[in-house]
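What follows is the residue order along each chain.
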Amino acid sequence: MSEPWTLHPDRALPADPVTRPVAREIYAAVADLPLVSMHGHVDVAAFADDAPFGDPAELLVVPDHYLTRMLVSQGETLPRLGIGATADEDVETDPRAIWRRFCAGWKHFRGTPTRYWLEHELVEIFGVTQRPSAETADALYDQVAARLAEPGFRPRALLDRFDIEVIATTDPAWATLDAHAKLAADGYGDRVLPTFRPDPLLHTGRPGWRDDVARLAEAAGVDVTGYDRYLDALRTQRERFVAAGARATDHGHLSADTTPLDDGEARRVFDAALAGTVTAAEAAAFSGHMLFQMAAMSAEDGLVMQLHPGVLRDHASGPHAAFGPDRGYDIPVVTEYTRALRPVLDAFGHHPGFRMIAFTVDEDVYSRELAPLAGVYPALRLGAPWWFLDAPDAMRRFREAVTETAGFSNTSGFVDDTRAYCSIPARHDLARRVDAGYLAGLVVEHRLDLDEALDVAVDLAYRLPLAAYARP
Amino acid sequence: MSEPWTLHPDRALPADPVTRPVAREIYAAVADLPLVSMHGHVDVAAFADDAPFGDPAELLVVPDHYLTRMLVSQGETLPRLGIGATADEDVETDPRAIWRRFCAGWKHFRGTPTRYWLEHELVEIFGVTQRPSAETADALYDQVAARLAEPGFRPRALLDRFDIEVIATTDPAWATLDAHAKLAADGYGDRVLPTFRPDPLLHTGRPGWRDDVARLAEAAGVDVTGYDRYLDALRTQRERFVAAGARATDHGHLSADTTPLDDGEARRVFDAALAGTVTAAEAAAFSGHMLFQMAAMSAEDGLVMQLHPGVLRDHASGPHAAFGPDRGYDIPVVTEYTRALRPVLDAFGHHPGFRMIAFTVDEDVYSRELAPLAGVYPALRLGAPWWFLDAPDAMRRFREAVTETAGFSNTSGFVDDTRAYCSIPARHDLARRVDAGYLAGLVVEHRLDLDEALDVAVDLAYRLPLAAYARP
Amino acid sequence: MSEPWTLHPDRALPADPVTRPVAREIYAAVADLPLVSMHGHVDVAAFADDAPFGDPAELLVVPDHYLTRMLVSQGETLPRLGIGATADEDVETDPRAIWRRFCAGWKHFRGTPTRYWLEHELVEIFGVTQRPSAETADALYDQVAARLAEPGFRPRALLDRFDIEVIATTDPAWATLDAHAKLAADGYGDRVLPTFRPDPLLHTGRPGWRDDVARLAEAAGVDVTGYDRYLDALRTQRERFVAAGARATDHGHLSADTTPLDDGEARRVFDAALAGTVTAAEAAAFSGHMLFQMAAMSAEDGLVMQLHPGVLRDHASGPHAAFGPDRGYDIPVVTEYTRALRPVLDAFGHHPGFRMIAFTVDEDVYSRELAPLAGVYPALRLGAPWWFLDAPDAMRRFREAVTETAGFSNTSGFVDDTRAYCSIPARHDLARRVDAGYLAGLVVEHRLDLDEALDVAVDLAYRLPLAAYARP
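Residues numbered from 1 in each chain as written. Chains lettered and ligands numbered in written order. Predicted model: local features only at pLDDT ≥ 70, side-chain atom pairs only at ≥ 80, totals over all residues. Heavy atoms only, no water.

Here is the rule we go by: UniProt positions are given in the numbering used here, feature names are shortened, and annotations may be inferred rather than shown by experiment.
An unreviewed UniProt entry annotates chain A as Uronate isomerase of Isoptericola cucumis. What UniProt states about chain A under its Sequence similarities (unreviewed entry) heading is, verbatim, "Belongs to the metallo-dependent hydrolases superfamily. Uronate isomerase family." According to the UniProt record, the Pathway (unreviewed entry) comment for chain A is "Carbohydrate metabolism; pentose and glucuronate interconversion."

The following block contains the structure:
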């Protein structure tokens, strides 16, 4: 191994000898800025309870579907990785066995961001000095486990260690936000914020939809007898989220469609859904309609609207039935934005109280649709490269495809999106490095002056995310 | 500021120390070639009248929708930029106030070609030595205004100063070409050429379509009572354009579809359009049919057919109603070429009298569709990166995606497309630099010999555009 | 010319002075590995008969549609290149005249892989020292012709010279595999393998479909009276291929659709096809259904399923009528994989006996669909960049778009796809260079250690193709 497992200070910076020193200088200007983590999936209970994390496998392997999906693609099975049992296979209950399987499969992560983030985490957070492998697995397990037992590795302590200025959780629309209230009482009210996520309520064709509407009704204290009361209940819960410090909503839809229905049709479809007779086409139309309604409410209450469309969930029926959602079987599809966002942008694209941040896992739309839209509508910001695209080469492609049309000011700056709490510093650090490299490229090609590049770097790492998620 | 506002001689060339000297050598071979500007939107009246340009805002800010759209995306409004009034807002009439807003928003152009072109223009043409900002705005305004008052800054003088060998204007199909006749009488007949643009006449569903047909009828001296006389009138006007030196037609359609209708159906749809009863589907089919007819006429009269499809115009209804078209709200959509161009290429793709130059704002088709098509059909050339893609990184992506399948000879060489007259030299210079960088990359990777790269560079900058727009 | 026609040892390696030495070291580790050529279109008869190749034009120009299509795009005609006659034009019968036209058009290949491969072939295999041109054409012709007369240039001798460890031919599903039997008898049974290609039999709407079914029936000795016997016949022939050493099947479909029909509907459509009354929609549905059936059979017999979708064949009707298929008029179209492959992956994606290798000429799906799919389904591997994408910049884009999600282990390693036998070493060498450059980039950015990069390079060049095409 060529000197592994001490993190190279120049990692992920461009290699050519003209660009690297400039990239270093730009990176140095942002390396130590606090982290603004406005979108994520760390469970609020972690912060509210502040209990120690479990074992290394439970923290770093089992819940990370980037990681388990790669091991599955190379022949492991989810039961052997501790996810769940099937008819044919028991679930592995020994965390050390799971950890060994992860370490044995380390080579398959070569060239992926998972490898990059984990190297950062293991070295920087857990002090690991050996590369994972079948041979080193046990030693690493013991070392990580020992650290996790220390008080400095509890969730709140890590907030300080990671220098997280603010972090948002993602919470169901029917949440009562008790955990956030506890956090506020403990002085974390400005640091751990809720995010309003109403997806299950907007997809009327889902099996559990009526149950979820009942949850909403109960939380909001509104008797949801029809469409109008359903909107009332949503509005009530949005107010609760605003009061608890929420800055944003989040929406994961298959399509970016935002076409509104007329009120009569919306009422009719809602009633059909309550009656269990809604068709797939009606449900799809209603979910687009509801994105429009969410935008209308955002224009009133100022919650920033995050849109994450274009993912076909649960591609494989067998694993879905056995293990549930979020197991690595969510696959992107072609996603259209120009026509899909037109209703919302036509109605609210110049509204001073409205802001939308659009994400994509279909990078083909960067230069064709998203950058041209964000380059003219004041309400629209482009989110950072999302999910499969939150990786060094993909981040570089994002800047190259977007900047020439939308500039930097129309992007959100870096937004991480993870349930892997310990990967957050690595993700931000990597984004800062990639952006520093991109900016250095502009400087050495004399397309930007160095003072400007330094200013942009701070925007991207810190000021733009704060601004993008400030309620307008 | 790190030495701004003297243009660096190596700007937009690759930075690595091996490639840059080769790129410099290639660029030097083309830097001083005359400009061939075969497609553009400078008003012919500017050349015919040769009147002085107005104030700095009127010349450089108000008509440039690249520029105003970016300012709007960051919170300015079109009335405040001098575009027009709305119910809520008066139009700004003080050009200095407009100029100040532009200068104050300068930072938002970082990383965009607008920034690159304007830096070139301000420094090279107007002798500006300070970067635009709120602080420098007035001084810059005065300096540019003073220059614009000089005789050397009139449109015809700039033709010489810019070393423009030939420039094409874009003219409605019903134009009588009087301005071009005046230019011919003044000795500019080979230097300022008309281009035949029939778009409004081909989109039968447009509100003003019948008025435009009446204009065509009057110009052509043909009584357009039906479809056949409509074709006659178009043919007559094409002949007028050919006689006035036109080399090309230009077609902006939402889709690239070229499927012909049979004559009976074409007549029927045309009559329905005259009667005001044409449906949207009929109008779309007819516009595709008319692209086929235009190709058939091109195969006869040799006018090179430029196709610019794939843009959804006037995305926002409010700004469209208030300010009209071409205000920055035209957004690309997915555009298909393989099937869409099949009728025309099957019929005329090997015809010795036919040439089509295809442009796109959907770069996803470069390697999948356009390069494979241009790499076999002798009639098809790929136009230069267009509009949002006329920018350094996008131009590099174009070459990388297209060359391996279509080579260089099947591309048009550089074609600018602008209503911003003073940006023409900057645009050509930038394209020459980016192509020099791409070619230098091939040379230093030993994929091309230097003598070949030098020859290709001259092709791309000068010989290919002349050849592509020579009537076959 | 800047020292042409000695192949530079660093060709196609990154130029920057930091990356190149690392790339050289990685390339050196794979440069001399044997060639594994698991997919191709060299006629098995060449190996079975081992007759000398014909003249230079017959070997290098006439059958290479990459080459003839480019010359056609620049004004040559297929008759003048020896392909066939038309009503207006006789076919050229003088190979030297054809060769001269190729040499005269050499400049049009600049920047294309054809140029790169041919330079490699002419210099390395034929000892040519001058660049092709109108002036050098005759000398080159004589030199190549002289070499072709030598015994060392016969097909089997070249297997050794090229260091081809194993090569697969592509054979119709009704093949009796006599040529492969002869090769086995001569000791080449493990070195030249057949591949089962049933395409014509699966597209029931084709004019010659019934004749091809009759061929299948005869070869299999099965009376194909209906759908069930048709499946039997296919199964029987697959067994014959397996017995002859086949490792894979190959499928070229317009769409990647794999939706199965129920048995009754499949029987009904098959009967309609036999009766000549199948509709285009039925034929399309049946071909998707048959991909599912082929996958089911692969899960049983272990033949690796290669899928090459997304090409619209014979785009121009005139050349198709005059010259037949494979003349350069096959053009890619948008191709969807996420939904299209779902039926097969849902059914067999975790089956231990099934493996699919998916190729594309639509690179827009790399990061959006193919990498996410291959990154979770154990049965799916991504094939190497195919056809128009088998070129240096396109190969680099493939790695950059795919690796961050799918890693290296989920790709097939290099797979060439050519009927140009003499280009095989050049193609493999180029792929090894491009991969070395990509890996070197990861190393110098400290995203991969050098020992890992060296290991991956050997995987990509040698171990992964062997493993991907090993029957599971």
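**Here's the deal with the relation of the copies chain A and chain C**
Quick reminder of the rule: Copies overlap after least-squares fitting; the atoms used are the C-alpha atoms of residues with pLDDT of at least 70 in both. Here, residues are in contact when the closest pair of their heavy atoms is within 4.5 Å.
Mapping chain A onto chain C is achieved by rotating through 120° and translating by 0.0 Å along the same axis, at an RMSD of 0.0 Å. Both chain copies can therefore be described as sitting about a three-fold axis. Comparing interface residues between copies, only 5% of those in chain A also lie at the interface in chain C; the contact surfaces differ.

**What about the pattern of salt bridges?**
Test applied: We count a salt bridge whenever a side-chain nitrogen from Lys or Arg sits within 4 Å of a carboxyl oxygen from Asp or Glu. By definition, any uninterrupted DSSP run of H or I lasting at least four residues is a helix, any uninterrupted run of E lasting at least two residues is a strand, and each is numbered from the N terminus. Relative accessible area decides the class of each residue, using a 1.4 Å probe on protein chains only: under 20% of the type maximum gives buried, over 50% gives exposed, and in between gives partly exposed.
Considering all chains together, one arrives at 146 salt bridges over all chains under this definition. Asp301(A) is the partner of Arg238(A) in a salt bridge, and the nearest nitrogen-oxygen pair spans 2.7 Å. Residue Arg238(A) is found in helix α12 (residues 227-243), and its partner Asp301(A) is found in helix α14 (residues 280-301); the two are separated by 63 residues along the sequence. An identical accessibility class is assigned to Arg238(A) and Asp301(A); each is buried. Ionic pairing is found between Arg447(A) and Asp393(B), a salt bridge with its closest N-O pair at 3.3 Å. Here Asp393(B) lies in helix α18 (residues 392-406) and Arg447(A) lies in the loop between α19 (424-444) and α20 (450-468), a pairing that spans two chains. Residue Arg447(A) shares its accessibility class with Asp393(B), and that shared class is buried.

**As for the domain arrangement of chain A**
Residues and elements named next belong to chain A. To keep it simple, the criterion reads: Each domain's extent is set by a domain assignment, obtained either automatically or from a database. The term buried area means the drop in 1.4 Å probe accessible area that two parts suffer when joined, counted for both and summed. Residues adjacent in sequence count toward polar contacts only when both atoms are side-chain atoms; beyond that, a polar contact is any pair of N or O atoms within 3.5 Å, and within protein one must be able to donate a hydrogen and the other to accept it.
In terms of domains, chain A is made up of domain 1 (19-51 + 154-468) and domain 2 (52-153). Here domain 1 and domain 2 have C-alpha centroids that lie 28 Å from each other. Taken residue by residue, the interface counts 31 residues in domain 1 and 29 residues in domain 2. Around 2600 Å² of area is buried between domain 1 and domain 2 when both sides are counted, 66% of it from carbon and sulfur atoms. At the surface where domain 1 touches domain 2, the tally comes to zero salt bridges. Where domain 1 packs against domain 2, one counts five residue pairs in polar contact (both at pLDDT 80 or more). Of all the elements in the fold, those that place two or more residues in the side of domain 1 that touches domain 2 are α8 (155-161), α15 (317-323) and α19. When residues in the side of domain 1 that touches domain 2 are grouped by element, the largest group, six residues, is from α19.

**Side note on unusual backbone geometry**
The phi dihedral of Asp163(A) is positive, around 55°, even though this residue is not glycine. Here the phi dihedral of Trp387(B) falls at roughly 60°; this positive angle occurs in a residue that is not glycine. With respect to the element layout, Trp387(B) can be found in the loop between β11 (380-382) and α18. For Trp387(B), a relative accessible area of 11% translates into the label buried.

**Some remarks on the packing of aromatic side chains**
Cut-off, in case you're wondering: Any pair of Phe, Tyr and Trp rings, taking the six-membered ring for Trp, is counted once the centres come within 6.5 Å. Such a pair is stacked with planes under 30 degrees apart, edge-to-face with planes over 60 apart, and tilted for the rest.
Using the criterion set out here, one finds 78 aromatic pairs over all chains in the structure. Summarising the aromatic geometry, the rings of Trp106(B) and Phe109(B) are spaced 6.2 Å apart at their centres and angled 45° between planes, so their arrangement reads as tilted. Residue class for Trp106(B) comes out buried when judged on its relative accessible area of 3%. Given a relative accessible area of 1%, Phe109(B) falls into the buried group. Ring centres of Phe53(C) and Tyr421(C) lie 6.1 Å apart, and the angle between their planes is 50°; on these two criteria the pair is classed as tilted.

**Re the interface of chain A and chain C**
At the interface, 55 residues of chain A touch 47 residues of chain C. On the surface where chain A and chain C come into contact, there are 29 residue pairs in polar contact (both at pLDDT 80 or more). Every element with two or more residues in the side of chain A that touches chain C is listed here: α4 (65-73), α6 (113-125), α15, β9 (331-332) and α18 (392-406) of chain A. If you tally residues by element for the side of chain A that touches chain C, the top one is α18(A), at five residues.

**Remarks on the sheet that holds strand β1 (residues 35-37) of chain A**
Just so we agree on the cut-off: Only strands joined by at least two bridges in the DSSP assignment are considered to pair.
With parallel pairing, three strands are arranged side by side in an open sheet as β1-β2-β4 (chain A). This sheet does not close on itself; its edge strands, each paired only once, are β1 and β4 (192-193) of chain A.

**What about the interface of chain C and chain B?**
Listed as interface residues are 55 residues of chain C and, on the opposing side, 47 residues of chain B. For the pair chain C and chain B, the summed buried area comes to about 4100 Å², and 48% of that belongs to carbon and sulfur atoms. Linking chain C to chain B there are 13 salt bridges. A salt bridge links Arg396(C) to Glu400(B); its shortest N-O distance comes to 3.3 Å.

**Considering the packing of α18(A) against α19(A)**
A pair of packed helices is captured by two measures, namely the crossing angle of their axes and the spacing between those axes. Residues and elements named next belong to chain A. Heads up, the condition is: Geometry is summarised by axes, namely lines fitted to C-alpha atoms with helices restricted to the contacting stretch, and by angles between N-to-C directions that run from 0 to 180 degrees. Angles are sorted into four bins: roughly parallel if under 35 degrees, roughly antiparallel if over 145, roughly perpendicular if 65 to 115, and oblique for all others. Less than a right angle of anticlockwise turn of the near helix away from the far helix marks a crossing as left-handed, whereas a clockwise turn marks it as right-handed. Gly counts as polar in this scheme, as do all residues outside two lists: the nonpolar Ala, Val, Leu, Ile, Met, Phe, Trp, Tyr, Cys and Pro, and the charged Asp, Glu, Lys and Arg.
At a minimum axis separation of 10 Å, α18 and α19 run at an interaxial angle of 45°. Considering the angle they form, α18 stands oblique to α19. When the axes of α18 and α19 are compared, the crossing they make is right-handed. Residue-level inspection shows Pro392, Met395, Arg396, Arg399, Glu400 and Thr403 of α18 in contact with α19, the latter providing Leu430, Ala431, Val434, Asp435 and Tyr438. Here the contact of α18 with α19 is built from residues that sort into six nonpolar, one polar and four charged.

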